[in-house]
Amino acid sequence: MTACVIDAEERQVANAMLIARIERLPISRKLLAIRIIVGISTFFDAYTVLAIAFAMPQLVTEWSLAPAMVGLIISASYLGQLVGAVSFGWLAEKVGRLTVLKFTILLFVTMDATCLFAWSGLSMLVIRLFQGIGIGAEVPVASAYINEFIGGRNRGRFFLLYEVIFPIGLMFAGMAGYFLVPVYGWKAMFIVGLIPSVLTIPLRWLMPESPRWLASHGRISEAEAIVKNLEDGLTRRGFVLPEPVVRPISAKAIARSDWRELFKGIYLKRSLMIWCLWVCAYMINNGLITWLPTLYRQMFGLPLQTSLAYGWTTSAVGVVASIFCALLIDKVGRKSWYASAFLVATLPLLVLAWLGATSATEVLILGTAVYAVLQTITFSLYLYSAEIYPTRLRAIGTGFGSAWLRAGSAVGPLLVGSIVGNFGIRYVFVTFAVVTLIGCLVTRLFAIETKGAVLEELSP
């Protein structure tokens, strides 16, 4: 019995030292390489999420799709992402971040290739459902993985400059749709996404496992070898590393993962808060970005290429806003940024509702403003989710949270289709304005600030 206690204490001390060594590390070439390898896949995850939106105007005509089926096809991917986020987030706590990431890239590429053989709305719906499982599993586990390599001082900027790859992928989908679909047809969208994704598969086998995850599972020697490799790479280049500042950590840092802890103590309030933010932000942004090209084409009668160009413009402005957020959020803080962004997004939504959204120009200008402001929330919530949970819960907590992203993303397109079909486009923006106000209120009342803090101090 005494030996077990000593072993636990030794593991706790070793874990504290390991974390201190990670916290002192600057951004190295090896960390940048990890960000690039994961980022390539994240880029094409984002591309694939939006590719269907730019293929859809042509598919509506080719397959004679009703608005309800359009909404179902778009939402199918998000339903699959919900399943993938929850199930694989749990698995990543058990078998490791890297093992899951190797599997998800294989699933993602396989389903992307299968999309090329869809022959009807129903077949595309089923394929997109399974493809969504791969995407949903990939992103939250990758977010936990990258967060666990970085110290608190640089975490926000480093992680969000990785995460900004996601809106860039969305923008690239718009560009590909604009140039390729009118000339080569909708299948070109999936071919473009497939080829580079295949090339990233062998790169996954070159990445190390998360040292924080290894240490939390008692695999101290493996974790130390990875951290030493990072340290050696820096010292060979002439970096002088400061002495590690060891801080006491909770004994829970080496405890086994138990998903029920998400609903206990301080983590219950955090879980409910982050779920609400995921739903509010993604219900609006994915509802907008996936429907806009079709709305421009069907409701306002714009030519196909113009509709696709307008959709691409919205994505491009979202990228600019995301980069702006990535550079500033470590100074402003997560809580203040999110509350302000929700409030600011309410204004153009109310103006659109008041004007009646009677022209494509109104929707382009004001809808893009809403999307860009909320994009600073949607792309950074993975950072925030990973910060508010401890290592033993990080992947599963982020997975559960992003499951609500999928729920909001699935509801958004369905909601737009239903409201437009039954009441008119004006009431879409009334509904979305109510949602942004709810997001602002929840952030003000329940969110915590995490900027600059050590992960283990934020979440015992």
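All values reported here derive from a predicted model rather than from experimental measurement.

Quick notes on the rules
Residues numbered from 1 in each chain as written. Predicted model: local features only at pLDDT ≥ 70, side-chain atom pairs only at ≥ 80, totals over all residues. Heavy atoms only, no water. Helix = DSSP H or I, 4+ residues; strand = E, 2+ residues; numbered from the N terminus. Rg over C-alpha atoms; globule rule 2.2 N^0.38 Å. Buried < 20%, exposed > 50% of the residue type's maximum accessible area, 1.4 Å probe, protein only. Contact = heavy atoms within 4.5 Å. Areas by Shrake-Rupley, 256 points an atom, 1.4 Å probe, with all protein chains shown as cover. Lys, Arg positive; Asp, Glu negative; His and termini not counted. Charge placed at Lys NZ, Arg CZ, Asp CG, Glu CD. Core = buried A, V, L, I, M, F, W, Y, C linked by side-chain atoms within 4.5 Å. Axes fitted to C-alpha atoms, helices over the stretch in contact; angles between N-to-C directions. Parallel < 35°, antiparallel > 145°, perpendicular 65-115°, else oblique. Left-handed = near helix turned anticlockwise from the far one by under 90°. pLDDT = per-residue confidence, 0-100. Disulfide = S-S within 2.5 Å. Salt bridge = Lys/Arg side-chain N within 4 Å of Asp/Glu carboxyl O. Patch = residues over 30% accessible without salt bridge, like charges linked within 9 Å, V, L, I, M, F, W, Y side chains within 5 Å. Phe/Tyr/Trp six-rings, centres within 6.5 Å; stacked < 30°, edge-to-face > 60°. Nonpolar A, V, L, I, M, F, W, Y, C, P; charged D, E, K, R; others polar.

Visitor: Is there a simple way to think about the overall build of the protein in this case?
Guide: The helix and strand inventory of the protein stands at 18 helices and zero strands. Its C-alpha atoms give the protein a radius of gyration of 22 Å, within 12% of the compact-globule value 23 Å for 460 residues. The dimensions of the protein, computed from C-alpha atoms along their principal axes, are 75 × 45 × 45 Å. Scored against the burial criterion, the 460 residues of the protein give a buried share of 60%. For the protein, the proportion of contacts with a sequence separation of at least 24, taken over those separated by at least 6, is 86%. Carbon and sulfur atoms provide 70% of the accessible area of the protein, an area that totals close to 17300 Å². Across the protein, the mean location of the 37 positive side-chain charges is 4 Å away from that of the 25 negative side-chain charges.

Visitor: Help me out: how do you make sense of the nonpolar core in this one?
Guide: Nonpolar side chains tend to gather and get buried jointly when the protein is soluble and globular. Counting 148 residues, the largest nonpolar core has M56, L59, M124, Y145, M189, F190 and I274 as the members making the most contacts within it. With 19 residues, the top contributor of residues to this core is helix α11 (residues 265–298). Ignoring sequence-local partners within four residues, the contact set of L59 consists of I52, S64, L65, M124 and W186.

Visitor: Is there a simple way to think about the packing of helix α13 (residues 334–355) against helix α14 (residues 360–378) in this case?
Guide: Helix packing geometry: the angle between the two helix axes and the distance between the axes. The geometry of α13 relative to α14 is characterised by a closest axis approach of 9 Å and an angle of 165 degrees between their N-to-C directions. When the axes of α13 and α14 are compared, the pair comes out roughly antiparallel. Judged by the sense of rotation from one axis to the other, the crossing of α13 with α14 is left-handed. Together, W337, Y338, A341, F342, V344, A345, P348, L349, V351, L352 and L355 of α13 and E362, V363, L366, G367, A369, V370, V373, L374, T376 and I377 of α14 make up the contact between the two elements.

Visitor: Looking at this model, I keep getting lost on the confidence of the model for the protein. Mind explaining?
Guide: Should the pLDDT be low somewhere, the predicted coordinates at that spot are not to be read in detail. Per-chain confidence: the protein averages 82 in pLDDT, with 95% of residues scoring 70 or above. Taken element by element, the predicted model of the protein shows its lowest mean pLDDT in helix α1 (residues 2–23) (70) and its highest in α13 (93). Confidence over residues 1–6 falls short of pLDDT 50; this stretch has zero contacts with residues more than four positions distant or in other chains.

Visitor: When you look at the state of the cysteines in this model, what are you seeing that I'm missing?
Guide: A covalent bond between the sulfur atoms of two cysteines is what we call a disulfide. Here the structure, examined in full by the defined rule, presents zero disulfides. Summary of cysteine pairing: C276 is not part of a disulfide, and the nearest cysteine sulfur, belonging to C280, is at 3.9 Å. Take C280: its relative accessible area is 5%, and that puts it in the buried class.

Visitor: I'm lost on the environment of I425 in this one. Help?
Guide: Take I425: it is sitting in the loop between α16 (391–422) and α17 (426–446). Counting along the chain gives 274 residues from I425 to G151, while the straight-line C-alpha distance between them is 46 Å. When near neighbours in sequence (up to four residues on either side) are disregarded, I425 contacts L295, M299, G356, A357 and V420.

Visitor: Sorry, what's going on with the pattern of salt bridges here?
Guide: Pairing between side chains becomes possible if they bear opposite charge and their charged atoms approach one another. Scanning all chains against the criterion turns up eleven salt bridges. Taking the shortest distance from any N to any O, the salt bridge between E231 and R21 comes out at 2.8 Å. Within this pair, whereas E231 is found in helix α10 (residues 220–236), its partner R21 is found in helix α1, the two being separated by 210 residues in sequence. Since its relative accessible area comes to 8%, E231 is described here as buried. A salt bridge links E231 to R24; the nearest nitrogen and oxygen atoms lie 2.7 Å apart.

Visitor: Would you mind showing me how to read a nonpolar patch on the surface here?
Guide: Together, W90, W259, F263, L268 and L272 line one region of the surface with nonpolar side chains, adding up to about 470 Å² of accessible area. Looking at where L268 falls in the secondary structure, it is placed in helix α11.

Visitor: Is there a simple way to think about unusual backbone geometry in this case?
Guide: Outside of glycine, negative phi angles account for most residues, and trans bonds account for most peptide bonds. Phi is positive for S64, close to 50 degrees, though the residue is something other than glycine. Mapped onto the fold, S64 is located in the loop between α2 (29–62) and α3 (67–95).

Visitor: What am I meant to see in helix α6 (residues 155–163) here?
Guide: Along an α-helix, residues three or four positions apart point the same way, because every turn accommodates 3.6 residues. The buried fraction of α6 amounts to seven of the nine residues, a majority that puts the element mostly inside the structure. Here α6 has its buried residues at R155, G156, F158, F159, L160, Y162 and E163.

Visitor: Help me understand the packing of aromatic side chains, please; the structure alone is not making it clear to me.
Guide: The relation between two aromatic rings is expressed through the spacing of the ring centres and the mutual angle of the planes. For the structure on display, the rule yields 14 aromatic pairs. Ring geometry for F88 against F103: centres 5.6 Å apart, planes inclined by 15 degrees, an arrangement best described as stacked. Pair noted here: F88 is in helix α3 and F103 is in helix α4 (residues 97–114), with a separation of 15 residues, a long-range link. Residues Y296 and Y310 carry aromatic rings whose centres are separated by 5.2 Å and whose planes lie at 90 degrees to one another, so their mutual orientation is edge-to-face.

Visitor: Looking at this structure, I do not really get the packing of α13 against α17. What am I missing?
Guide: Interaxial distance between α13 and α17 falls to 8 Å at its minimum, and their mutual angle equals 160 degrees. Compared by their axis directions, α13 and α17 come out roughly antiparallel. Between α13 and α17 the crossing geometry is left-handed. Taken together, the residues that form the contact of α13 with α17 break down as 17 nonpolar, five polar and three charged.

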